[in-house]
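# Results of the structural survey
The chain contents come next:
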Amino acid sequence: MVRRTKEDALATRHKLLDAAEHLFQAQGVSRTSLQDIARRAGATRGAVYWHFKDKADLFNAMMERVTLPLEKTFQDQLGQEGREEQNAHTDPLARIRSGVGEALRRIASDPQTRRVFEVATHKVEYVGELQSLRLRHLKSRSDFLAQVERGFEAAARHHALELAVPTAAAAQGLHAIIDGLIQSWLLESTDFDLVSLGRDVVEVYLRGLGFPGPSKSTTAPPGS
């Protein structure tokens, strides 16, 4: 009976998050009330407050369902400096390419991931009760930059290169490219192929930093 109750509670939580995703996408975060979300999910307002402290808490939970797997992808690909030091044949740059490619592929091919990123990019205002969401956004960006900077440092050591700019600046540049591509694609996805153009633009950027092109064993498209 306890297990059934826990399963029911988890199902209700997911229904609320699903409802929030669709309503936030359709009418924006600030114009969506918790009552709207409860009604769409077929739940009560009390159920919303049972699972979430407020709208910001619900928004963060919605983001975590999608972004945590993406963040794990980058952690898996870029957070292996110790192994890289032990294996001279492992190119950290390949992990950067793979992490970026997988993230773009996931956004382009998974409807839920695309929906959540559209909400986070175009449907939220960091005002009033949602100001705390800005801190989450900043932390996510900071974590990404730290991972990429470590990856660039390891890649520079691996290739015995001195980059054209400091690794922190290189990481900022890569983030700006990826963020800009995603925002533009979300506005009109028919304008370009996010995965293929993203791969090409990132490769041009990496070459500009001074890195060599990918080896033949790493030229397959991400996610293939």
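We now turn to the structure provided with this report. Quantities reported herein were computed from a predicted structural model and do not represent experimental measurements.

## Re the packing of helix H7 (residues 111-122) against helix H9 (residues 167-187)
- Viewed as axis vectors pointing N to C, H7 and H9 meet at an angle of 105 degrees, and their least axial separation amounts to 10 Å. As the angle between them shows, H7 and H9 are arranged roughly perpendicular. Residues Arg 114, Phe 117, Glu 118, Thr 121 and His 122 of H7 touch H9, and the partners they reach there are Ile 182, Gln 183, Trp 185, Leu 186 and Leu 187.
- Partitioned by chemical class, the residues of the contact of H7 with H9 number 5 nonpolar, 3 polar and 2 charged.

## Some words on the environment of Leu 197
- Looking at the secondary structure, you find Leu 197 in helix H10 (residues 194-209).
- Here Leu 197 falls in the partly exposed class, since its relative accessible area comes to 32%.
- As for Leu 197 and Leu 181, which are separated by 16 residues in sequence, their C-alpha atoms are 8.7 Å apart.
- The residues contacting Leu 197, other than those within four sequence positions of it, are Leu 181 and Phe 192.

## Quick look at the side chain of Thr 32
- Mapping Thr 32 onto the fold places it in the loop between helix H1 (2-27) and helix H2 (34-41).
- Polar side-chain contacts of Thr 32 include one of 3.2 Å to the side chain of Gln 27.
- Aside from chain neighbours lying at most four places away, what touches Thr 32 is Leu 23, Phe 24, Gln 27, Ile 37 and Lys 55.

## Details of the packing of aromatic side chains
- Summed over all chains, the structure comprises 2 aromatic pairs.
- Seen in terms of ring centroids, Phe 24 and Phe 59 are 6.1 Å apart; in terms of plane orientation they differ by 40 degrees. Their pairing is tilted. Of the two residues, Phe 24 sits in helix H1 while Phe 59 sits in helix H4 (residues 55-78), which places them 35 residues apart along the sequence.
- Relative accessible area serves as the criterion here: at 0%, Phe 24 is assigned to the buried category.
- Plain terms: the ring middles of Phe 152 and Phe 211 are 5.9 Å apart, the flat faces sit at 20 degrees to each other, and that makes the pair stacked. Remark: Phe 211 occurs in the segment after H10 and Phe 152 occurs in helix H8 (residues 131-159); sequence separation between them is 59 residues. Comparing Phe 152 with Phe 211, the two get one shared label, buried.

## A few points about the pattern of salt bridges
- Enumeration over the complete set of coordinates arrives at 8 salt bridges.
- Across the pair Glu 21 and Arg 65 runs a salt bridge, and its minimum N-O distance is 2.8 Å. Of this pair, Glu 21 sits in helix H1 while Arg 65 sits in helix H4; the two residues are 44 residues apart in sequence, bridging distant segments of the chain.
- Ionic contacts of the salt-bridge type, sharing partners, join the residues Asp 18, Glu 21, Arg 65 and Arg 115 into one network.

## Examining the nonpolar core
- Core analysis: the biggest nonpolar cluster contains 57 residues, and Phe 24, Ile 37, Leu 58, Phe 59, Phe 152 and Leu 174 have the highest contact counts within it.
- Secondary structure elements with two or more residues in this core: H1, H2, H4, helix H6 (92-109), H7, H8, H9 and H10.
- If we skip the residues at most four places from it in the chain, Phe 59 touches Phe 24, Val 29, Val 119, Ala 120, Val 124 and Leu 133.

## Things to note about the environment of Arg 157
- Relative to the helices and strands, Arg 157 resides in helix H8.
- Assessed through its relative accessible area of 48%, Arg 157 is described here as partly exposed.
- Taking the C-alpha atoms as reference points, Arg 157 and Pro 92, separated by 65 residues in sequence, lie 9.4 Å from one another.

## A word on the side chain of Thr 167
- On the secondary structure map, Thr 167 appears in helix H9.
- Here the side chain of Thr 167 touches Glu 149 through a polar contact of 3.5 Å, side chain to side chain.
- When sequence neighbours within four positions are dropped, the list of residues in contact with Thr 167 reads Glu 149, Phe 152 and Glu 153.

## Some points on H8
- With 29 residues, H8 should reach 42 Å at 1.5 Å per residue; the first-to-last C-alpha distance of 43 Å fits that figure.
- All buried positions along H8 are accounted for by Leu 133, Arg 136, Phe 144, Leu 145, Gln 147, Val 148, Gly 151, Phe 152, Ala 154, Ala 155 and Ala 156.
- A positive backbone phi angle near 55 degrees is found at Ala 160, which sits one or two residues after H8.

Conventions we followed
Residues numbered from 1 in each chain as written. Predicted model: local features only at pLDDT ≥ 70, side-chain atom pairs only at ≥ 80, totals over all residues. Heavy atoms only, no water. Axes fitted to C-alpha atoms, helices over the stretch in contact; angles between N-to-C directions. Helix = DSSP H or I, 4+ residues; strand = E, 2+ residues; numbered from the N terminus. Parallel < 35°, antiparallel > 145°, perpendicular 65-115°, else oblique. Contact = heavy atoms within 4.5 Å. Nonpolar A, V, L, I, M, F, W, Y, C, P; charged D, E, K, R; others polar. Buried < 20%, exposed > 50% of the residue type's maximum accessible area, 1.4 Å probe, protein only. Polar contact = N/O pair within 3.5 Å; in protein donor to acceptor, adjacent residues only side chain to side chain. Phe/Tyr/Trp six-rings, centres within 6.5 Å; stacked < 30°, edge-to-face > 60°. Salt bridge = Lys/Arg side-chain N within 4 Å of Asp/Glu carboxyl O. Core = buried A, V, L, I, M, F, W, Y, C linked by side-chain atoms within 4.5 Å. Expected span 1.5 Å × (residues − 1).

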